[in-house]
Amino acid sequence: MDLDLLTRESEFSWRIEPQGRMRVPGVIYADEPLIRAMDMKVYEQVRNVATLPGIVGASYAMPDAHWGYGFPIGGVAAFDPDEGGVVSAGGVGFDISCGVRSLHTGLVRADVEALKVELANALYRQIPAGVGSTGAISLTPAEMDAMLAGGARWAVSRGYGESADLERIEEHGCMAGAEPAQVSEQAKERQRDQMGTLGSGNHYLEIQHVAKVFDPETAGRFGIAHGDVLVTIHCGSRGLGHQIGTEFLRSMAIAAREHGIDLPDRELACAPIDSPLGQSYLGAMRAAINCALANRQIITHLTRKAFARILRRAELTLLYDVSHNTCKVEQHRVDGASKRVFVHRKGATRAFGPGHPELPADLREAGQPVLIGGSMGTASYVLVGTARGESLSFSSSCHGAGRAMSRHQASRTWRGKEVVASLAERGIIVRSTSLRGIAEEAPGAYKDVSAVVQAAHDAGISMIVARVEPLVCVKG
């Protein structure tokens, strides 16, 4: 990115001054090496988002930002319905509520080191992964609607987990306002046999160990310590979310013209929040959030079964479950007043600070756990939301490393077998349905996740609590 186009507000904050049709400034959080490496498309997309009706505060990009569909991945924007604010399917993304869930195991690294291969094989057999993967659960039309309305609560009521799980999930496991009737039959059919599956791309299940604790007090509140073994699940709403995104983007492209919204990029297709189409999309999107929450809940149940079979231990408890790719109604201060706004987070993580009323009582004093997945074979991080994040980024932070090259370029650069062998030499066991998929997700295809989270920490939008490193990775 050309730094001459930006105003440097601090070492880790860069401003795009309002110009042309921009209604608010753009703000990018990154250190200088990260922002120099960002594609100019990020700059263009941050500017374009700033032109949308009803946007408040600023158009933000997190340190892991890269080019996306309409909005940059790593983009955050809030819209005021009282000011003609819009909702954008491109501002949420296709994999609605793609998210990360981490589980305590009560084990330490020495407990699992000799059993890594057995655990990898058991998890690979237990949890379907890959493009178009299907599981053992097939939902009837009535159960599909119940799942879309109930999310993880539905899954727990069907025997997939425990009620205590729900306290450590955003929205307590169920997104209010979901309307299964707004989800097309085609979207439902795509999802009918996909519950309890990881999917493909950058989705994975990892067994990890806590390699370093940076903030012992917060780590203690989160229940993690050096050497602890965690399980982390990264997946979303599978085919259903993608179908919803595809259908509503098409409808919104037409609706934007009908509502007199002049889009700088067709991919920013949107509709007024209070319009029938805007409300229809929100109902469908919330149903997709519930689909993702239910999916991760079922995978948690399957993970517990695999651990019980190998280690005679199934008491895996939730650390937390966070969602990316959402639009949520939240109260934030805008121009000195508390406002009800619709916060789009595309490839970004909610990061409420200490004292927020929506956090579980036992975590409220510390702040929200922010789970940051690294690329395959690299570290992941546990962060915590900050009080400053409210004013800096609508309580939002990064969500991962962020791609540094396309999947096509990565598959031409690395061979899957070589990546697997290289990781095995480091003691990391990989199981996957696709060697091409492994090449596409090679560690070198992503930014340095440590640099990304350090920038988020230094900018004040979240704080580093612990670094975790992989022992086993199962992916599509």
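Above this note sits the structure.
Residues numbered from 1 in each chain as written. Predicted model: local features only at pLDDT ≥ 70, side-chain atom pairs only at ≥ 80, totals over all residues. Heavy atoms only, no water.

1. Here we look at the overall build of the protein
Where we set the bar: A run of DSSP states H or I qualifies as a helix once it reaches four residues; a run of E qualifies as a strand once it reaches two. Both are numbered from the N-terminal end. Within these notes, the globule rule equals 2.2 Å times the number of residues to the 0.38 power, and the radius of gyration is based on C-alpha atoms. Contacts are assigned to residue pairs that have any heavy atoms within 4.5 Å of one another. Using a 1.4 Å probe, the Shrake-Rupley method yields the accessible areas, and only the shown protein chains count as cover for residues.
Along its length, the protein carries 14 helices and 19 strands. Its C-alpha radius of gyration of 21 Å places the protein within 12% of the 23 Å reference for a compact globule of 476 residues. Along the longest, intermediate and shortest principal axes, the C-alpha atoms of the protein span 60 × 50 × 50 Å. Here the analysis covers contacts within the protein between residues at least 6 apart in sequence; of these, 77% occur between residues at least 24 apart. Looking at the protein as shown, the accessible area adds up to about 17,100 Å², and 49% of this sits on carbon and sulfur atoms.

2. Observations regarding the pattern of salt bridges
Stated formally: The salt bridge criterion pairs a side-chain nitrogen of Lys or Arg with a carboxyl oxygen of Asp or Glu, the two atoms within 4 Å. Relative accessibility under 20% of the residue-type maximum defines a buried residue, over 50% an exposed one, and the middle range a partly exposed one, all with a 1.4 Å probe and only protein chains included.
Counted by the stated rule, this structure contains 29 salt bridges. Two residues, Arg 158 and Glu 143, come together in a salt bridge whose shortest N-O distance is 2.8 Å. Of this pair, Arg 158 sits in the loop between α5 (141–157) and α6 (185–191) while Glu 143 sits in helix α5; the two residues are 15 residues apart in sequence, bridging distant segments of the chain. For Arg 158, a relative accessible area of 39% corresponds to the partly exposed category. In this structure Glu 143 comes out as partly exposed when scored by relative accessible area, which is 24%. One salt bridge connects Asp 165 with Arg 304, and the closest N-O pair in it is separated by 2.9 Å. Here Asp 165, found in the loop between α5 and α6, pairs with Arg 304, found in helix α9 (residues 276–311); they are 139 residues apart in sequence, far enough to count as distant. For the pair Asp 165 and Arg 304, one class covers both residues: buried. It is possible to trace a salt-bridge network through shared partners that takes in Glu 170, Glu 171, Lys 328, Arg 350 and Glu 358.

3. Re the sheet that holds strand β2 (residues 13–16)
Counted only if it meets this: Two strands form a pair only when DSSP identifies at least two bridges running between them. Here the axes come from fitting lines to C-alpha atoms, over the contacting stretch only for helices, and the angles between their N-to-C directions go from 0 to 180 degrees.
Strand order in the open sheet formed by seven strands is β1-β2-β3-β4-β5-β13-β12, and the pairing between neighbours is mixed. Single-partner strands in this sheet number two, and they are β1 (7–10) and β12 (326–334). Shown here is a sheet whose adjacent strand axes are inclined to one another by a mean of 25 degrees, direction ignored. α9 contacts β12 and β13 (337–346) of the sheet and is inclined by roughly 105 degrees relative to β12.

4. A closer look at the layout of surface pockets
Here is the rule: Cavities and pockets were defined on a 1 Å grid built from protein atoms only: a cavity is a group of points that admits a 1.4 Å probe but offers it no way out, a pocket is an open group of points flanked by protein on both sides within 12 Å along at least five of seven lines, and a lining residue is one with an atom within 4 Å of any such point. Grid points are joined across faces, edges and corners, and a volume is the space filled by probe spheres set on the points. Residues are grouped as follows: Ala, Val, Leu, Ile, Met, Phe, Trp, Tyr, Cys and Pro are nonpolar; Asp, Glu, Lys and Arg are charged; all remaining types, including Gly, are polar.
Approximately 220 Å³ is the volume found for the second largest pocket. Surrounding the second largest pocket, 15 residues form its lining, Gly 57, Ala 58, Tyr 60, Ser 391 and Phe 394 being those nearest its centre. At the level of elements, β3 (26–29), β4 (55–66), β12 and α10 (389–393) are the ones that each hand at least two residues to the lining of the second largest pocket. In terms of residue class, the lining of the second largest pocket is built from eight nonpolar, two polar and five charged.

5. Side note on the nonpolar core
Soluble, globular proteins show a tendency: their nonpolar side chains are buried together. The line we're drawing: The term nonpolar core refers to a set of buried residues drawn from Ala, Val, Leu, Ile, Met, Phe, Trp, Tyr and Cys, joined through side-chain atoms within 4.5 Å.
Counting residues in each nonpolar core, the largest one holds 135 residues, and the members touching the most others are Ile 244 and Tyr 281. The biggest single contributor to this core is α9, with 17 residues. Apart from residues lying up to four places away in sequence, Ile 244 is in contact with Ile 96, Val 183, Ala 187, Tyr 281, Ala 284 and Ala 288. Core analysis: the second largest hydrophobic core is formed by 19 residues, Val 210, Val 322, Leu 363 and Leu 371 among them.

6. Description of the pairing of β13
Pairing of strand β5 (residues 73–79) with β13 involves five bridges; the strand directions are antiparallel. Of the residues in β13, the one forming a bridge with Phe 79 is Phe 342. In this structure, β12 lies alongside β13, joined through nine bridges in antiparallel fashion. Along β13, the bridge assignment pairs Val 329 with Phe 342. Joining the antiparallel neighbours β12 and β13 is a turn of two residues, in which Asp 335 adopts a positive phi near 55 degrees.

7. Brief notes about the packing of aromatic side chains
So the rule is basically this: Any Phe, Tyr or Trp ring, taking Trp's six-membered ring, that has another such ring centre within 6.5 Å forms a pair; planes under 30 degrees apart are called stacked, those over 60 apart edge-to-face, and the others tilted.
For the structure on display, the rule yields four aromatic pairs. Plain terms: the ring middles of Tyr 29 and Tyr 60 are 6.3 Å apart, the flat faces sit at 10 degrees to each other, and that makes the pair stacked. Placement of the pair is Tyr 29 in strand β3 and Tyr 60 in strand β4, with a sequence separation of 31 residues. By relative accessible area, which is 4% here, Tyr 29 ends up buried. Its relative accessible area of 7% is what places Tyr 60 among the buried residues. Look at Tyr 60 and Phe 394: their rings are 5.9 Å apart centre to centre, the planes differ by 80 degrees, and that puts the pair in the edge-to-face class. Taken together, the positions of Tyr 60 in strand β4 and Phe 394 in the loop between α10 and β17 (396–397) put the pair 334 residues apart, joining distant regions of the chain. A relative accessible area of 4% means that Phe 394 is categorised as buried. What links up through ring pairs into an aromatic cluster is the set Tyr 29, Tyr 60 and Phe 394.

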